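Close look at the chain arrangement
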Amino acid sequence: MILPMIRPYEHRWLTNAVNLAEMSTHPQWKVAAILVKGGRVLSMGVNRYRNSPAKVGLEGVSYHAEEVALKRAGDASGATIYVARVTRSGYLGLAKPCEKCQELLETHGVRRAVWTTQHGYGKQRIESMSIFR
Ligand SMILES: [Zn+2]
């Protein structure tokens with residue numbers, strides 16, 4: 001998979017996240033997140049069902065990959081999170097953290113996010129993401 005215009009080390013982490021996303025057992029979305037600090041992996045997470053969609057509203061159905069990674073990370077302050085989404089047909093999808101995850105990342109002191117898009121990737125400092133403007 002080719003991710004244009006990305007630094008080699010970022011390419012490496014995002015490619016790892018793409019490979020991990022492909023292993024997601026979530027029936028609808030395949031998303032994975034990797035938290036990296038100082039060139040080392042702090043933790044990884046794959047999205048998964050938390051509840052049966054028949055029992056709760058859509059909002060409470062899934063654990064997002066970012067949530068899972070943060071729960072396992074311990075101290076994630078200053079880290080970068082790499083988030084990848086693979087569509088059911090095997091293409092890259094938009095994996096920009098949702099508002100709930102942006103808030104969670106900010107709370108845990110994560111500094112930057114890098115995510116896949118349909119055409120490659122996007123990246124931003126957490127503090128300058130949409131909900132904080
Ligand atoms: Zn989210």
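Look above for the structure.
Description of the structure in this document.

The rules we used
Residues numbered from 1 in each chain as written. Predicted model: local features only at pLDDT ≥ 70, side-chain atom pairs only at ≥ 80, totals over all residues. Helix = DSSP H or I, 4+ residues; strand = E, 2+ residues; numbered from the N terminus. Buried ≥ 20, exposed ≤ 12 C-beta atoms within 10 Å, placed from the backbone. Contact = placed C-beta atoms within 7 Å. Core = buried A, V, L, I, M, F, W, Y, C linked by C-beta atoms within 7 Å.

1. Concerning the overall build of the protein
On a plain count of helices and strands, the protein comes out with three helices and eight strands. Counting helices and strands in the order they occur from the N terminus, the protein gives α-β-β-β-β-α-β-β-α-β-β. In the protein, buried positions account for 36% of the 133 residues. Of the contacts made within the protein by residues no fewer than 6 positions apart, 52% connect residues no fewer than 24 positions apart.

2. A look at helix H2 (residues 65-73)
Of the residues making up H2, those classed as buried are Ala 65, Glu 66, Val 68, Ala 69, Leu 70 and Ala 73. Against strand E1 (30-37), strand E2 (40-46), strand E4 (62-63), strand E5 (80-86) and helix H3 (99-107) lie the buried residues of H2. Positive phi shows up at Gly 74, right after H2, with a value of about 75 degrees.

3. Quick look at the nonpolar core
In this structure, Ala 17, Tyr 82, Val 83 and Ala 84 are the most contacted members of the largest nonpolar core, which totals 36 residues. Looking at this core, the elements that each hand over two or more residues are helix H1 (8-21), E1, E2, H2, E5, H3 and strand E7 (112-117). Excluding its chain neighbours within four sequence positions, the residues that come into contact with Ala 84 are Leu 14, Ala 17, Val 18, Ala 21, Val 31, Ala 32, Ala 95 and Thr 116.

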